[in-house]
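Chain by chain, the residues run as shown.
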Amino acid sequence: MINLILFGPPGSGKGTQAAKLVEKYGLLHISTGDLFRYEIGNKTPLGLEAKSYIDKGALVPDEVTIGMLRNKVEANPDVQGYIFDGFPRTTPQSEALDKLLAEKEDTVSRLVMLSVPDEEIVKRLLLRGETSGRADDKNESVIRNRIQVYKDNTTPVYDYYDAKSKATSIDGIGGIEEIFERLATVIDTL
Ligand code: ADP
C-alpha cells in the first residue's frame, strides 16, 4: 500500500496533481473538499453544516471531517493505496488518520508538500474563481482567511510528519508536468 498525503496551501495544485497520480499509480483519491462539495450539492445535513464554515474560509470541525473521511476509507478497503488531499488539515486529524490506518495495520507512507508562495496562491485562486463556481474562490478576503488558517492550523501537520521523518517539500511552481515529475520522483522511492 502507498498512503500518500498530498499537502500544501489552498490552490497549490493538489487536485490537479492527484488526478495524474491516480492515473499513474492506481491509488484512490480522497479529497475532503470534494466530499464536502458533493454533500453541499445534495443539500444533506452534513453539507449544510459544512457550507457555513467553507463560505467563510474556516475549517469544518474536526469531528465532522474525521467521521466523513473514515466513512470514505472504510467504504473502499480493497485499494492499492490512498491519496489524501486536503486531509489532514489539523493535528487532531493527523492523529485520527494514523489511528484509522493502524487499525488496518497500515501507515502513512509519506506527506509531500507542494510549496507555493502566498501571492501566487491568491492570484491562482482568484483566477480559478472565475470558472470554478466556487464561492470561496471569488472573494479575496475569504482567500486570505484560508491562507491564514493554513498557516495557523495546518502547517503543524507538516511538522507532525516531519518528526516521524515522513515529510518532503517540493517546489510547487512550474508547469503541471514538471511538478508531476518532482512528485513521481518522491513516490518512486516508496
Ligand atoms: P483548497 O484546496 O482550495 O483549500 P479544498 O477543496 O481542499 O480547497 O477545501 C475547501 C474547504 O473545505 C476548505 O477551505 C475548508 O473549509 C473545508 N475543508 C476541506 N478539507 C477540510 C479538512 N480536512 N478539515 C476541515 N475543513 C476542511
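What you are looking at is a predicted structure, and each value in this text was computed from that prediction instead of being measured.

The rules behind the values
- Residues numbered from 1 in each chain as written.
- Predicted model: local features only at pLDDT ≥ 70, side-chain atom pairs only at ≥ 80, totals over all residues.
- Heavy atoms only, no water.
- Buried < 20%, exposed > 50% of the residue type's maximum accessible area, 1.4 Å probe, protein only.
- Helix = DSSP H or I, 4+ residues; strand = E, 2+ residues; numbered from the N terminus.
- Pairing = 2+ DSSP bridges.
- Near = heavy atom within 4 Å.
- Polar contact = N/O pair within 3.5 Å; in protein donor to acceptor, adjacent residues only side chain to side chain.
- Areas by Shrake-Rupley, 256 points an atom, 1.4 Å probe, with all protein chains shown as cover.
- Nonpolar A, V, L, I, M, F, W, Y, C, P; charged D, E, K, R; others polar.
- Lys, Arg positive; Asp, Glu negative; His and termini not counted.
- Salt bridge = Lys/Arg side-chain N within 4 Å of Asp/Glu carboxyl O.
- Contact = heavy atoms within 4.5 Å.
- Arc of directions from axis to C-beta.

Things to note about the pairing of strand β4 (residues 110–115)
- Of all 6 residues making up β4, 5 are buried, and the element is well covered by its neighbours.
- By the bridge criterion, 4 bridges tie strand β1 (residues 2–7) to β4 in an arrangement that is parallel. Looking across to β4, one finds that Phe-7 is bridged to Met-113.

Observations concerning the site of the ligand
- As a structural note, the neighbourhood of the ligand is formed by 20 residues, with Thr-32, Arg-37, Ala-58, Arg-89 and Arg-146 the closest of them.
- Taking Lys-14, its side chain carries an N or O atom lying 3.5 Å from an oxygen atom of the ligand.
- Val-60 places a polar main-chain atom, nitrogen or oxygen, 3.1 Å from a nitrogen atom of the ligand.
- Notes on the ligand: free accessible area 550 Å², of which the protein chains cover 96%.
- For the shell around the ligand, the per-class residue count stands at 7 nonpolar, 6 polar and 7 charged.

Details of the side chain of Glu-39
- Position of Glu-39 among the secondary structure elements: in helix α2 (residues 32–41).
- Salt bridges are absent for the buried Glu-39, whose nearest opposite-charge side chain, Lys-72, sits at 8.9 Å.
- Non-local contacts of Glu-39, meaning those with residues more than four positions away in its chain, are made with Thr-44, Leu-46 and Gly-47.

Some thoughts on helix α3 (residues 45–54)
- Along α3, the residues that are buried comprise Gly-47, Ala-50 and Ile-54. Around the axis of α3, the buried residues are gathered within 70° of arc, so they sit on the same side. Residues of α3 that are exposed and angled more than 90 degrees away from the buried face: Pro-45 and Leu-48.
- Residues of α3 that are buried sit in contact with α2.

The values are spatial; any link to function lies outside them.
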